[in-house]
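# Observations on chain architecture
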Amino acid sequence: MPSPDSAGAGQPADAVPNDVAIELTPSCESMELFLIGNLDEARQQFPADDRRLLEPMQRLADWYAGQRRIADAEPLYEELLRLRTLAYGAEDPRLFTTLKQLAALAIASGNWARAEAWLTAACVTQSHVEPPPGEVLGTLWNHLAEVCFEQAKYREATAHGERALALLREDAELPFTHPLVLRTLNNLGALHAARGEYHMAERLFRQNLRLSTPSVGKKDPALVRPLSNLAEVLRMQGRFTESEKYTREALNLCTRAFGLCHPLVAQALCNLALLKIEARRLPSAEKHYRQALAIHRQIHPHGHPHLARTLRGIAELHLANRNLREADTALREALALDVKLLGPGHPQIAVTLRLLGQMYQAAGQFEHARQMWTRTLKLQQSKRVAADPQIATTLNLLAGLAAAQGDFERAHHWHLQALAIQEQSLGMQHLEVARTLLGLAEVELSRHEAAAAEVALKRALQIRESRLGSEHADVVEIRQRLQRAFGGTQPPTPVNTTETLAIDELYGWHALPDADPRMAAPDVVAAEVTLLAEAAVSLENSLFQPVASKSKRRQKKQRKKPSSKVAS
C-alpha cells in the first residue's frame, strides 16, 4: 500500500504573514509543542475559515502523519480539505494532495471503505487537471483497485485495475516494463485468481514474469513476486510439481540476495510449506514452517504480524496431523500477537478464532467450536462487507458442525447463505462455490432431498472440471460419488459425513465423528484477553473454556510420572 505522499510537494505555498511563519526547530522533543503553538497563535489571529491557517495546520498534520499518529493527523487533514475547498474551490489541484494523504492514513489504519472514498474523490479531482497525467491517474486507479480488493469487491477492483492499465498504456513515456505497469498486471492477475479465473491469472502472471526478466536479469530478487504469484496460481489449480519449481526458484533468489535470515526468505518457506500441505507431504511442510518461524523470531523478537501468520500456518499443519496440543500452543501465541499488534477488533483475529474453532471440533468439543465460530462470524460481519468470502467460509464451518450434530435444517440454511455470498463476490464458477455445493449435497441427502443433492453434485462437478480438467483427482472423486449415489438402482443414501468430499481438511467443512476417547483433548486453560471484549466479538472474560478431562488411565499414568510430557 502507498505511504503518505509528502505534503504539498510541487505545490505553491499558501500565503502566510511573516508573523506566523514557521521556522522549524531541530529539537525533536519540543517539535510537537512548537507546531501546536504556531497553529494556536494563527487561530487566535485569524477567523476559523481564513486561508492563512492552512500552512501551520499542514505542518502539524504532516508531523503527526510522519509519527504515524493517525488519530491526530486525520482530523487536521479533514479540516485542511474543508478550508482549502472554501478558499480555492473544489477544482484546486492542492486538494489532490490532501485527499491522497487522507487515503494513505485510512489505508494505514485498515479503514478500507474510507480509503476508497478518499481515493475516488482524488481521482475526480485529478481528472480536472488538463491534461491529466496518465501515470498519476493510473497510480490512483491502481490504489483504488487494491483497496476494493481488500474489501472483497472483486468486480469493482477488476474494473479499476483495467482502467489503470489502459491509462498507463496510453502514456507514451511509460514502457511496458515500467514498474507501475508490472504492478498493475500483478494486481489484475491477483484479482482473476481471487475470482477463480485461474487460467487468466496464470496468463497475466506469466506475462509479468516475461516482461520483468529482461529489465532486471534472471538473478534479480525483483523476480520473487512474479515467481511467487505464478507458483501460487499453479498451486490453486493442483499443479504441484510446476508450482514447486517456481516456489523454489523464488526461494533461491531470496537466499542468494539476502542470506538465510530475511523476511522474504521466510515468506518463500511458508509458501513452500503450504504447497507441501496441499500435496499431502506434511513432514516436509513442518520443516519449512519451522525454518520460517526461526527466521521471524530472530528478526522480530518482540513480535510481528508475519510471525503470527506463520504460527497460524503451523497450527493448520498440526490440525491436519491431529496434533491438537501443538495447534493450541501456536494459536494462543498467534492470538496474543494479533491483539497486541493489530488491536482487538482487527479482521485478522477472526482467522485465528476460526482455527481455534477447528481445533475444538477436532477434539470433539462441538459446543466450544460453535461458540468460537459464532464469535468469528460476529467479528467478520462487523468489519467486512456483507458479501465477503471469509464470512462464507465461517458459515460453511457452522453448517458442517450443525450437520454433524443432526441439525440438517440449520446446516441447509447456512450453506445456502454461504453459497449466495460466494456467487455474488466470487462468481458462479469459483472453486469455493464448488466446495459449498459439495457440503450442501451432503445435507440434501441427509434431508432426503435426492433431486436437490444430485443438482448440487452435478454443478460442483461441472465447476471443478472446467477449472481443473477432467482428469484431476478431485473431479474423478466427485464423478465416482455421483455414480455411487445416483447411478445404480438402489435409492440414494446420505454421504458419509466422516469423508472429505475432496475438501481440504484444513477448512474443516466436512463433519467429524465424535471425539476418540483414547485421544486426550488439548489443555486450553483460560487465557485472559480482556481487550477482545471491547471489540465486536465478546469473549466473556476469557477466550477459552475448559474442555473434556483426560481419561482415568491417562490421569493415573501422569500421577506415576509427573515429569513426563503428555503426547498429543
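Throughout this description, residue numbers start from 1 for each chain and increase along the sequence as written. Only residues with pLDDT of at least 70 get local features here, since the model is predicted, and only at 80 or more are side-chain atom pairs given and counted; chain-wide, interface and lining totals rely on the full set of residues. The side-chain numbers reported here are obtained from all heavy atoms of the structure, hydrogens and water having been left aside.

## Focus on the overall build of the chain
- Where helices and strands are cited, they refer to DSSP runs of H or I of at least four residues and of E of at least two residues respectively, numbered from the N terminus. Within the chain one finds 23 helices and 0 strands.
- Using a 1.4 Å probe on the protein chains alone, a residue whose accessible area is under 20% of its type maximum counts as buried, one over 50% counts as exposed, and one in between counts as partly exposed. The buried share of the chain, reckoned over its 568 residues, is 49%.
- For the chain, the accessible area works out to roughly 26500 Å², and carbon and sulfur atoms hold 52% of it. Methods summary: accessible areas were calculated by the Shrake-Rupley approach with a probe of 1.4 Å, and residue burial reflects only the protein chains presented.

## A look at helix α19 (residues 408–425)
- Here a helix's expected span is defined as the number of its residues, less one, multiplied by 1.5 Å. Compared with an ideal rise of 1.5 Å per residue, which puts 18 residues at 26 Å, α19 spans 26 Å between its outermost C-alpha atoms and is within 8% of the ideal.
- For α19, every residue scored as buried is listed here: A411, H412, W414, H415, A418, L419, I421, Q422, E423 and S425.
- At the C-terminal side of α19, G427 shows a positive phi close to 100°.

## Regarding helix α14 (residues 305–321)
- Between the first and last C-alpha of α14 there are 25 Å, a value that for 17 residues agrees with the 24 Å anticipated at 1.5 Å per step.
- Every buried residue of α14 is accounted for by L307, A308, T310, L311, R312, G313, I314, A315, L317, H318, L319 and A320.
- Along its buried surface, α14 packs onto α12 (263–278), α13 (282–299), α15 (324–342) and α16 (347–362).
- Just beyond α14, the residue with positive phi is R322, at close to 60°. Note on definitions: a residue-residue contact is assigned when non-hydrogen atoms from the two residues lie within 4.5 Å.

## Remarks on the confidence of the model for the chain
- On a range of 0 to 100, pLDDT expresses the predictor's confidence in each residue. Residues at a pLDDT of 70 or more form 79% of the chain, whose mean pLDDT is 77.
- Segment residues 1–26 is flagged for pLDDT under 50; beyond a separation of four residues in sequence, or across chains, it makes 55 contacts in the model.
- Throughout residues 488–568 the model reports pLDDT below 50, and contacts reaching past four residues in sequence, or to other chains, amount to 162 contacts.

## A short note on the packing of helix α20 (residues 431–446) against helix α21 (residues 450–468)
- Between N-to-C directions, angles cover 0 to 180 degrees, with each direction set by a line fitted to C-alpha atoms, over the stretch in contact for helices. At a closest axis distance of 8 Å, the pairing of α20 and α21 adopts a crossing angle of 160°. Taken together, α20 and α21 sit at an angle that is classed as roughly antiparallel. In the packing of α20 onto α21, the handedness of the crossing is left-handed. Contact residues: α20 offers L431, V433, A434, R435, L437, L438, A441, E444 and L445, while α21 offers A450, A452, A453, A456, L457, R459, A460, I463, R464, R467 and L468.
- Each residue is assigned to one of three groups, with Ala, Val, Leu, Ile, Met, Phe, Trp, Tyr, Cys and Pro labelled nonpolar, Asp, Glu, Lys and Arg labelled charged, and all others, Gly among them, labelled polar. Taken together, the residues of the contact of α20 with α21 break down into 15 nonpolar, no polar and 5 charged. Angle categories are assigned with fixed cut-offs, so that under 35 degrees is roughly parallel, over 145 is roughly antiparallel, 65 to 115 is roughly perpendicular, and the rest are oblique. Crossing handedness follows the turn of the near helix against the far one: under a right angle anticlockwise gives a left-handed crossing, and clockwise gives a right-handed one.

## Let's talk about the packing of aromatic side chains
- For Phe, Tyr and Trp, where Trp contributes only its six-membered ring, two rings pair if their centres lie within 6.5 Å, and the inter-plane angle classes them as stacked under 30 degrees, edge-to-face over 60, or tilted in between. Tallied over the full model, the rule gives 2 aromatic pairs.
- With a centroid separation of 5.6 Å and an interplanar angle of 55°, the aromatic rings of F149 and Y154 are classed as tilted.
- Judged by relative accessible area, which is 29%, F149 ranks as partly exposed.
- With relative accessibility at 11%, the residue Y154 sits in the buried group.
- Consider the ring centre and the ring normal. A charge sits over the ring if Lys NZ or Arg CZ is within 6 Å of that centre and within 35 degrees of that normal. One Lys or Arg, R94, reaches over the ring of Y88 and ends 4.0 Å from the middle of that ring.

## So, the environment of Q101
- Within the secondary structure layout, Q101 lies in helix α4 (residues 94–108).
- Separated by 18 residues in sequence, Q101 and L119 place their C-alpha atoms 9.6 Å apart.

## Digging into the environment of K218
- Within the element layout of this structure, K218 appears in the loop between α9 (198–216) and α10 (224–236).
- A residue is classified by how much of its surface remains accessible, and K218, at 68% relative accessible area, is exposed.
- Distance from K218 to L253, taken between C-alpha atoms, is 9.1 Å for residues 35 residues apart in sequence.
- Non-local contacts of K218, meaning those with residues more than four positions away in its chain, are made with T213, L223 and L253.

## Some thoughts on the packing of α13 against α14
- For the pair α13 and α14, the least separation of the axes is 10 Å and the interaxial angle reads 160°. In terms of axis orientation, α13 runs roughly antiparallel to α14. Read as a crossing pair, α13 and α14 show a hand that is left-handed. Residues L282, A285, E286, Y289, R290, A292, L293, H296 and R297 of α13 lie in contact with α14, whose contacting residues are H306, L307, T310, L311, G313, I314, L317, H318, A320 and N321.
- Within the contact of α13 with α14, the residues separate by chemical class into 10 nonpolar, 6 polar and 3 charged.

## Brief notes about unusual backbone geometry
- Unusually for a residue other than glycine, R280 sits at a positive phi of about 60°.
- In this structure, R322 takes a positive phi of about 60° despite not being glycine.
- Residue placement: R322 occurs in the loop between α14 and α15.

## Observations regarding the side chain of N187
- With respect to the element layout, N187 can be found in helix α8 (residues 179–194).
- Other than its neighbours up to four places away in sequence, N187 contacts N142 and E146.

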